[in-house]
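The chain contents come next:
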Protein chains: 2
Amino acid sequence: MQIPVIRNVLEANEKKAEQVRARLRSGRILALNLISSPGAGKTSLLERTLRDLGGTFRMAVIEGDLQTTNDAERVAATGAQAVQINTEGGCHLNSDMVSQALDKLDLNGLDILFIENVGNLVCPVEFDCGEDAKLALLSVAEGDDKPEKYPLLFNLAKAMVLNKTDLLPYVSFDLARARAFASKLNKDLRIFELSCRSGQGLDAWYAWLAEERAGKLHGR
Amino acid sequence: MQIPVIRNVLEANEKKAEQVRARLRSGRILALNLISSPGAGKTSLLERTLRDLGGTFRMAVIEGDLQTTNDAERVAATGAQAVQINTEGGCHLNSDMVSQALDKLDLNGLDILFIENVGNLVCPVEFDCGEDAKLALLSVAEGDDKPEKYPLLFNLAKAMVLNKTDLLPYVSFDLARARAFASKLNKDLRIFELSCRSGQGLDAWYAWLAEERAGKLHGR
């Protein structure tokens, strides 16, 4: 009995996701769905990006969390628009939550929408939120075996950010191994190695964002 | 329609969990359910514990993962019994999986059973696996706000391990803040600060394990 119910839930989510996508497309807004373990640095990456590119793009963030508005507050402190979704224990965002959050944002002239999902490498991957692309984040403190152990995310993501590279001297993390596993799962995966703390590697990430945004603008 | 189905699933899980618990109780086996984010160091803590206490206790491990047998292999290399459960994308273990895994273990004379759950701070918390206690692990690389953001685990756990303390000089993690939040959620929570890499702090963890095991033996 459980399986058809789950299928209905996923189908309803997919339908709403297409509506969200159409709405964002009409505004030529690039939407990225950030997925990672808890504490991999999604909010830190957004804080840096919003500060560094705030003069270039108009950006907004939908923050997903079980509890607290901590992350929305961190993001709002950069001056960007932020909406917090509290899932009250739910393990992922869905397209209906994102649709409701869009109603609270001023989409006029917006260039990029970031959706920061609940920290979880499993469940968020299955729920399309109407984004253009999923972005997988992995902190080097988590271990280089994560693409192999949580393959679906790395298979579906358009890009992977290997974050906290400033910790590389202090942890056992083989960058080549992580890259190789992820690329095996997804040969088109773009990979960025960076540190939100030191700033190293952010330029390549910013260049990719600009490319993706330009692609969206020209309907690619 | 979804809610009653989920309730049925949880009720069926609870029933089977009681059977697992009865089975473990009859063998006076202490069972601990380890829950954390991906890469917080569950397997590393088990590797250290199995090696260091292998002469004192007979221990076995049930390893839960979406894919791969990596962790069971790491654990088996210490000489301990290990069974791998692959959830094939499932985001948590349940009591039926654990029950089936028990059939593959020699429970005779076993002192401690560790259940290493799927790396996920949300879903595993809701599924009783028949354990005596849940153990929450948190790596200091993940940030001190995790007890506040994922409260249910820290509320239900009997103990919390703050792992990777060797990284403290290189990350922004306020031990007092993490301890305070966790203790607010759960005033009886035992807290261990340790590093599986350096070995610092392991003694207190081992002493607690011995206490818990003695309590089990004497039916406390």
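Residues numbered from 1 in each chain as written. Chains lettered and ligands numbered in written order. Predicted model: local features only at pLDDT ≥ 70, side-chain atom pairs only at ≥ 80, totals over all residues.

## What about the sheet that holds strand β3 (residues 81-86) of chain B?
All names here are of chain B. One open sheet holds the seven strands; their spatial order is β3-β2-β4-β1-β5-β6-β7, and the pairing between them is parallel. Each edge of the open sheet carries a strand with a single partner, namely β3 and β7 (190-193). Each strand of the sheet is rotated relative to its neighbour by a mean of 20 degrees, with strand direction disregarded. Bridge count for strand β1 (residues 30-35) against strand β5 (residues 133-139) is four bridges, and the pairing is parallel. Counted as the bridge partner of L34 is L135 from β5. (Pairing = 2+ DSSP bridges. Helix = DSSP H or I, 4+ residues; strand = E, 2+ residues; numbered from the N terminus. Axes fitted to C-alpha atoms, helices over the stretch in contact; angles between N-to-C directions.)

## Examining the relation of the copies chain A and chain B
With an RMSD of 0.0 Å, chain A superimposes on chain B once it is rotated by 180 degrees and translated 0.0 Å along the axis. Seen this way, the second copy is the image of the first under a two-fold rotation axis. Interface overlap between copies: 100% of the residues of chain A at the interface are likewise at the interface in chain B, consistent with a symmetric, same-surface contact. (Least-squares fit on C-alpha atoms with pLDDT ≥ 70 in both. Contact = placed C-beta atoms within 7 Å.)

## Section: the nonpolar core
Of all hydrophobic cores here, the largest spans 130 residues; its most connected members are L113 and V161 of chain A together with L113 and V161 of chain B. When near neighbours in sequence (up to four residues on either side) are disregarded, V161 of chain B contacts L45, L135, L137, F192, L194 and W205 of chain B. (Core = buried A, V, L, I, M, F, W, Y, C linked by C-beta atoms within 7 Å. Buried ≥ 20, exposed ≤ 12 C-beta atoms within 10 Å, placed from the backbone.)

## Looking at the environment of T56 of chain B
Relative to the elements of secondary structure, T56 of chain B occurs in the loop between α2 (42-52) and β2 (59-65). Here the alpha-carbon distance between T56 of chain B and D111 of chain B, two residues 55 residues apart in the chain, equals 9.4 Å.

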